[in-house]
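One letter stands for each residue in the lines below.
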Amino acid sequence: MNNPKVKIKKITNLSNDWYTLDKVNFDYQLKDGTWQNQNRESYDRGDGACILLFNNKKGTVILTKQFRMPSYLNGNDDGMSIEVCAGLLDEDDPITCIKKEAEEETGYLLDKVKKVFVIYSTPGAVTEKIYYFVGEYNEDMKVNDGGGLASETEEIEVLEMPFKNALEMIKTGEINDAKTVILLQHAAIEKLLD
C-alpha cells in the first residue's frame, strides 16, 4: 500500500467465519487538499483462478453447474449457476490451482494453460483478484468424472456444450456469472474456436 492520499486509522474485524469481513476507518485526501474520514467494509475471501476449457476441433466448451447460495438469496430461483471451472488459490500459485481445480471439477488433466488477464471482480467491496485462464482439452485428457470434492461439499455437474450455445445462453440469461461471461466473450473476440 503506497498511496500518500490514504491514511488507515483502524481496522476492525466484523466476522472471521467462512472468510474475513473488516471495517476500515481511514482518512482520504480530496482533490482540494482537505482530508475526509471514511469507513468501508472489505470482504477478504482470498484470490482465485478460473479457466475456460475449449475444444477447437469439436467447437465445444466445458462448463460446470452448481448451487450458489448468495445468488439464491438474490433472485436466482433455484440457486443453480452455470460457470467456468474456478477455485480459490489457497496456498497454490494460480497455474497449479487452476490445473488442480480443472481435474477435480471437470475430470480433465490439463498439461498447458494460458493466462489471459487478472481482474478485481468487485473492487469496491471484495479484495479478491481472479486469474483468468484458457486451456484446450481433448478426450485423451479425461482422467475421471469430475464433480468436485465431497470434502469441500461440492456437487458439480459437468457440462460439455457447443461454444455457440454457451454464447447464446449469455443472451438468454442462463449464464449470468461474470467470470464465465468474461471468458466466453474473450474466446469469441480472440476467435479461439473457429
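Refer to the structure above for everything that follows.
Conventions adopted
Residues numbered from 1 in each chain as written. Predicted model: local features only at pLDDT ≥ 70, side-chain atom pairs only at ≥ 80, totals over all residues. Heavy atoms only, no water. Helix = DSSP H or I, 4+ residues; strand = E, 2+ residues; numbered from the N terminus. Buried < 20%, exposed > 50% of the residue type's maximum accessible area, 1.4 Å probe, protein only. 1 Å grid on protein atoms, 1.4 Å probe; cavity = no way out; pocket = protein on both sides within 12 Å on 5 of 7 lines; lining within 4 Å. Points joined across faces, edges and corners; volume = space filled by probe spheres on them. Nonpolar A, V, L, I, M, F, W, Y, C, P; charged D, E, K, R; others polar. Core = buried A, V, L, I, M, F, W, Y, C linked by side-chain atoms within 4.5 Å. Contact = heavy atoms within 4.5 Å. Salt bridge = Lys/Arg side-chain N within 4 Å of Asp/Glu carboxyl O. Expected span 1.5 Å × (residues − 1). Polar contact = N/O pair within 3.5 Å; in protein donor to acceptor, adjacent residues only side chain to side chain.

1. Topic: unusual backbone geometry
The residue Asp90 is not glycine, and still its phi comes out positive at about 50°. Along the chain, Asp90 turns up in the loop between strand S7 (85-88) and helix H2 (94-106). For Asp90, a relative accessible area of 64% translates into the label exposed. A positive phi angle, close to 55°, is found at Lys191, a residue other than glycine.

2. Things to note about the layout of surface pockets
Of the pockets and cavities examined, the largest pocket occupies roughly 1,700 Å³. In terms of lining, the largest pocket is formed by 40 residues, of which the most central are Arg45, Arg68, Pro70, Glu83 and Lys179. Elements with a minimum of two residues in the lining of the largest pocket: strand S4 (48-55), strand S5 (60-67), helix H1 (69-73), strand S6 (80-83), S7, H2, strand S9 (129-136) and helix H4 (178-189). At five residues, the largest contribution of residues to the lining of the largest pocket is made by H2. The residue makeup of the lining of the largest pocket, split by class, is 14 nonpolar, eleven polar and 15 charged.

3. What about the nonpolar core?
Within the largest apolar cluster, 24 residues are counted, with the highest numbers of intra-cluster contacts made by Leu52, Val61, Leu63 and Ile175. When contributions to this core are tallied by element, the ones reaching two or more residues are S4, S5, S9, strand S10 (157-162), helix H3 (163-172) and H4. If we ignore the near neighbours within four places in the chain, the residues touching Leu52 are Val61, Leu63, Val84, Phe133, Val134, Gly135, Leu183, Leu184 and Ala187. Formed by 16 residues, the second largest nonpolar core is a distinct cluster that contains Leu53, Leu89, Cys97 and Tyr108.

4. Re the pattern of salt bridges
Under the definition given, this model contains nine salt bridges. Linking Arg68 and Glu83 is a salt bridge whose minimum nitrogen-to-oxygen distance equals 2.9 Å. Of this pair, Arg68 sits in the loop between S5 and H1 while Glu83 sits in strand S6, and the two are 15 residues apart along the sequence. Taking relative accessible area as the criterion, Arg68 reaches 31% and is therefore assigned partly exposed. The exposure class assigned to Glu83 is buried, which follows from its relative accessible area of 3%. Glu168 is the salt-bridge partner of Lys171, the closest N and O atoms lying 4.0 Å from each other. In this pair, Lys171 and Glu168 are both assigned in helix H3, three residues apart and thus about one turn of the helix distant. The exposed category is assigned to Lys171, whose relative accessible area is 70%. Linked through salt bridges whose partners overlap, the residues forming this network are Arg68, Glu83, Asp177 and Lys179.

5. Points about H2
Across its 13 residues, H2 extends 17 Å between first and last C-alpha, which sits within 8% of the 18 Å expected from 1.5 Å per residue. For H2, the full list of buried residues reads Pro94, Cys97, Ile98, Glu101, Ala102, Glu104, Glu105 and Thr106. Among the structural elements, S4, S5, S7, S9 and S10 are those in contact with the buried residues of H2. Where H2 begins, the side chain of Asp93 points an oxygen toward the backbone nitrogen of Ile95, at a separation of 3.1 Å. Gly107 occupies a position one or two residues after H2 and carries a positive phi of about 90°.

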